[in-house]
Amino acid sequence: MTASRVLVRLDPDLWFFAAPQRRVEQFALPYDGTATLGHLAESLGVPLTEVGPLLVDGVPATPAQQPRPGATIEIGPVSRPQPGPSRFVLDVHLGKLARRLRLLGVDTAYRNDAADDELIAQAEREQRVLLTQDRGLLRRRALWAGGYVRGADPARQLADVIERFAPPLAPWTRCTSCNGPLDAVRKQDVLDEIESGTRRNYDEYARCRDCAQVYWRGAHARRINAIIRAARLAHPGVSP
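It should be emphasised that the depicted structure is a prediction, and the values quoted were computed from it without experimental measurement.

Parameters and conventions
- Residues numbered from 1 in each chain as written.
- Predicted model: local features only at pLDDT ≥ 70, side-chain atom pairs only at ≥ 80, totals over all residues.
- Heavy atoms only, no water.
- Pairing = 2+ DSSP bridges.
- Helix = DSSP H or I, 4+ residues; strand = E, 2+ residues; numbered from the N terminus.
- Axes fitted to C-alpha atoms, helices over the stretch in contact; angles between N-to-C directions.
- Contact = heavy atoms within 4.5 Å.
- Salt bridge = Lys/Arg side-chain N within 4 Å of Asp/Glu carboxyl O.
- Buried < 20%, exposed > 50% of the residue type's maximum accessible area, 1.4 Å probe, protein only.
- 1 Å grid on protein atoms, 1.4 Å probe; cavity = no way out; pocket = protein on both sides within 12 Å on 5 of 7 lines; lining within 4 Å.
- Points joined across faces, edges and corners; volume = space filled by probe spheres on them.
- Nonpolar A, V, L, I, M, F, W, Y, C, P; charged D, E, K, R; others polar.
- Phe/Tyr/Trp six-rings, centres within 6.5 Å; stacked < 30°, edge-to-face > 60°.

**Brief notes about the sheet that holds strand 9 (residues 146–148)**
The four strands are arranged 7-6-8-9 in an open sheet whose pairing can be described as parallel. The two strands at the open ends of the sheet, each matched to only one other strand, are strand 7 (108–110) and strand 9. Here the strands of the sheet are splayed against their neighbours by 25° on average, with no regard to which way each runs. Pairing of strand 6 (residues 88–90) with strand 7 involves three bridges; the strand directions are parallel. The residue of strand 7 that forms the bridge with valine 89 is alanine 109. Those strands touched by helix 2 (residues 95–103) are strand 6 and strand 7, and its axis lies near 150° from that of strand 7.

**Brief notes about the pattern of salt bridges**
Throughout the structure, instances matching the rule amount to 18 salt bridges. Of the charged contacts, one joins aspartate 107 and arginine 174 as a salt bridge, the two residues approaching to 3.9 Å between their closest N and O atoms. You can see aspartate 107 sitting in the loop between helix 2 and strand 7 and its partner arginine 174 sitting in the loop between helix 5 (154–165) and strand 10 (182–185), a full 67 residues away along the chain. Look at aspartate 107 and you get buried, because its relative accessible area is 13%. The closest approach of N and O atoms between aspartate 113 and arginine 111, which form a salt bridge, is 3.0 Å. Take arginine 111: its relative accessible area is 40%, and that puts it in the partly exposed class. Each of Arg87, Asp107, Arg125, Glu126, Arg128 and Arg174 takes part in salt bridges that share partners, so that together they form one network.

**Things to note about empty space enclosed by the protein**
Within the structure shown, the criterion is met by one cavity of 30 Å³ or more. Of the volumes computed, that of the largest cavity is approximately 30 Å³. In terms of lining residues, the largest cavity is bounded by Asp13, Leu14, Glu50, Pro77, Val78, Arg80, Arg150 and Arg164. Split by residue class, the lining of the largest cavity holds three nonpolar, no polar and five charged.

**Overview of the packing of aromatic side chains**
Scanning the model with the defined rule gives five aromatic pairs in all. Seen from their ring centres, phenylalanine 88 and phenylalanine 165 are 5.3 Å apart, and the 65° between their planes marks the pair as edge-to-face. Here phenylalanine 165 lies in helix 5 and phenylalanine 88 lies in strand 6, a separation of 77 residues in the sequence. Comparing phenylalanine 88 with phenylalanine 165 shows no difference in burial state: the two are buried.

This is a description of form; function is not addressed.
Put into structure tokens, the structure is as follows:
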């Protein structure tokens, strides 16, 4: 190893972020002695939000540290479950995931027209973790806290978020449309807002405190209960 390089060992859990030629046990990387470990990780395509333990020649290090040329650098993934807030804001491409999180009672902010700057500002203002599959968004210096969502389908994405952040689950307590809390209401108080078939078949109702939408556990309840069971199986340690 020459003095103008470092040896990098990227954990296999992070390989999908890296270019194909970097998806190996270890590789040499040109290094001039000025870049921090955080910058080196990002140059490989790994957002800092996804970086966990860092070692330089076997010694724990921080993202702000500048290793010496010739050093061996080990980059690990974040620990799971990851300590931190259990409140989220999702980017515009994760609408189906937002709905599923709300079904589980997880505090989830989402708008399908939110700009990147708005998402970053909301994350900081409301102390939420920004969830996205946009690596560029996760690299924004103004981002307070963020996480990359793995998976192409909503079921896999939900399992990933539950496993990583282990948020408390409270199914049937949030509005899937606006994220507002649901309050139980008497059937007679919503008779004018529901169809006759619904009135005949269901007796338990709830109303969103924010947008006033009425909910009941209808024919879709079986599918929703399956989502809830799958989420709990993904991480048994989460609250019921």
